[in-house]
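Overview (structure and organization)
The lines below spell out each chain.
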Amino acid sequence: MDAIVKNFPQAVESDRPSQKEAEDAVRVLLRWAGDDPQREGLLDTPARVAKAYRELFAGYDMNPEDVLGRTFEEVSGYDDMVLVRDIPFYSHCEHHMVPIIGKAHVAYLPNGRVLGLSKIGRVVEIFGRRLQTQEAMTAQVANAIDDSLRPRGVAVMIEAEHMCMAMRGVQQQGASTLTTTFTGAFKADPAEQVRFMTMVRSR
Ligand SMILES: Nc1nc2c(ncn2[C@@H]2O[C@H](COP(=O)(O)OP(=O)(O)OP(=O)(O)O)[C@@H](O)[C@H]2O)c(=O)[nH]1
Ligand SMILES: [Zn+2]
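My aim in this report is to walk through the structure given alongside it, one point at a time. (Residues numbered from 1 in each chain as written. Chains lettered and ligands numbered in written order. Predicted model: local features only at pLDDT ≥ 70, side-chain atom pairs only at ≥ 80, totals over all residues. Heavy atoms only, no water.)

Concerning the side chain of Glu159
Position of Glu159 relative to the elements: it lies in strand 6 (residues 153-162). A distance of 2.7 Å separates polar atoms of two side chains, one belonging to Glu159 and the other to His105. (Helix = DSSP H or I, 4+ residues; strand = E, 2+ residues; numbered from the N terminus. Polar contact = N/O pair within 3.5 Å; in protein donor to acceptor, adjacent residues only side chain to side chain.)

Remarks on the coordination of the zinc ion (ligand 2)
Protein coordination of the zinc ion (ligand 2) is provided by Cys93 (SG), His96 (ND1) and Cys164 (SG), with donor distances spanning 2.0 to 2.4 Å. Read in sequence order, the donor residues coordinating the zinc ion (ligand 2) give the pattern C-x2-H-x67-C. (Donors = N, O, S within 2.8 Å, 3.2 Å for Na, K, Ca; no water.)

What about unusual backbone geometry?
In this model, Asp86 sits at a positive phi of 60 degrees, which is unusual for a non-glycine residue. Here Asp86 shows up in strand 2 (residues 82-93). Unlike most non-glycine residues, Arg150 shows phi in positive territory, near 50 degrees. Within the fold, Arg150 resides in the loop between helix 6 (134-149) and strand 6. Residue Arg150 is classed as exposed on the basis of its relative accessible area, which comes to 55%. (Buried < 20%, exposed > 50% of the residue type's maximum accessible area, 1.4 Å probe, protein only.)

Brief notes about the packing of helix 2 (residues 19-33) against helix 3 (residues 45-56)
It is the contact of helix 2 with helix 3, at a shortest axis distance of 8 Å, that shows an interaxial angle of 115 degrees. Between helix 2 and helix 3, the angle falls in the class roughly perpendicular. When the axes of helix 2 and helix 3 are compared, the crossing they make is right-handed. The segment helix 2 lies against helix 3, with Gln19, Ala22, Glu23, Val26, Arg27 and Leu30 engaging Thr45, Pro46, Ala47, Val49 and Ala50. Here the residues of the contact of helix 2 with helix 3 sort into seven nonpolar, two polar and two charged. (Axes fitted to C-alpha atoms, helices over the stretch in contact; angles between N-to-C directions. Parallel < 35°, antiparallel > 145°, perpendicular 65-115°, else oblique. Left-handed = near helix turned anticlockwise from the far one by under 90°. Contact = heavy atoms within 4.5 Å. Nonpolar A, V, L, I, M, F, W, Y, C, P; charged D, E, K, R; others polar.)

Brief notes about the nonpolar core
Core analysis: the biggest nonpolar cluster contains 28 residues, and Phe89, Val106, Tyr108, Val124, Val141 and Ile145 have the highest contact counts within it. Within the residue set of this core, elements represented by two or more residues are helix 4 (64-68), strand 2, strand 3 (99-109), strand 4 (114-115), helix 5 (117-128), helix 6 and strand 6. At six residues, the largest contribution of residues to this core is made by helix 6. The residues contacting Phe89, other than those within four sequence positions of it, are Ile100, Ile101, Gly102, Lys103, Ala104, Val124, Met137, Ile158 and Ala160. The next biggest cluster of nonpolar side chains, apart from the first, holds nine residues, and it includes Leu109, Ala155, Phe182 and Phe186. (Core = buried A, V, L, I, M, F, W, Y, C linked by side-chain atoms within 4.5 Å.)

Comments concerning the site of ligand 1
Taken together, the residues surrounding ligand 1 are Cys93, His95, His96, Thr133, Gln134, Glu135, His162, Cys164, Met165, Arg168 and Gly169. Separating an oxygen atom of ligand 1 from a backbone N or O atom of Gln134 is a distance of 2.6 Å. In this structure, Arg168 approaches ligand 1 through a side-chain N or O atom, which is 2.8 Å from an oxygen atom. When the free accessible area of ligand 1 is taken as 630 Å², the share hidden by the protein chains comes to 50%. Taken together, the residues that form the shell around ligand 1 break down as three nonpolar, six polar and two charged. (Near = heavy atom within 4 Å. Areas by Shrake-Rupley, 256 points an atom, 1.4 Å probe, with all protein chains shown as cover.)

Comments concerning the pattern of salt bridges
As enumerated under the stated definition, the model contains 13 salt bridges in all. Close ionic contact of Glu23 with Arg27 constitutes a salt bridge, the shortest N to O distance being 3.7 Å. Of this pair, Glu23 and Arg27 both sit in helix 2, four residues apart, which is roughly one turn of the helix. By relative accessible area, which is 26% here, Arg27 ends up partly exposed. As a salt-bridge pair, Arg203 and Asp86 come within 2.8 Å of each other at their nearest N and O atoms. In this pair, Arg203 sits in the segment after helix 9 (190-201) while Asp86 sits in strand 2, placing the two residues 117 residues apart along the sequence. (Salt bridge = Lys/Arg side-chain N within 4 Å of Asp/Glu carboxyl O.)

Some words on the packing of aromatic side chains
Within this structure, the stated rule accounts for four aromatic pairs. Ring geometry for Phe182 against Phe196: centres 6.0 Å apart, planes inclined by 90 degrees, an arrangement best described as edge-to-face. Note that Phe182 is positioned in strand 7 (residues 177-182) and Phe196 in helix 9, a separation of 14 residues in sequence. The class for Phe182 is buried, based on a relative accessible area of 14%. For Phe196, a relative accessible area of 0% puts it in the buried group. A connected cluster of aromatic rings, assembled from ring pairs, spans Phe182, Phe186 and Phe196. (Phe/Tyr/Trp six-rings, centres within 6.5 Å; stacked < 30°, edge-to-face > 60°.)

Dropping the structure here:
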């Protein structure tokens, strides 16, 4: 249970601040940035930011198990790799709360059951719309699919640009970070990893 809570942090509704508390916090940050929250153009900004945060961080209110519960068996015995590549996502780094912009490539080796393809994209969404490190997000997507579908293996590769490295700090635009998580047959067999990489890169 502890591992599940750790991997899938869910907001506890009673811990949520009120709308007013959230808006007050935005006013403080506006002043911290050097602006005046009382000027006309900023009057509605705290409410807009509070609303935008609920959207950008909607993943805390979503459970991957709800999405991954529905599977199909009637696939005429298909048991080779299923890869959904180039799944676009936006996340936010947990260190600076600025965007991570990237693509996820997710594959699995079915074990009698397959997932609806859109559900793979939804799982990426659920973990993307939280504060993240790229490493944690990669492992969370792989483990969620592994735990619910119990396939022969899961491979996840994420490539992303971190705005905290581009817009501030070291200021290196265009640098991309690649992370991978392999489970099951992908972990055990380097040839399966190569096949995954080749399919991700083939155009
Ligand atoms: N491993 C990992 N690091 C990340 C990720 N996103 C941001 N970071 C890094 O988190 C680190 C935080 O380092 P700190 O030294 O505590 O913070 P900082 O002073 O703002 O660091 P600089 O970005 O170097 O200015 C930085 O090196 C970031 O590049 C991520 O997804 N994974
Ligand atoms: Zn960062």
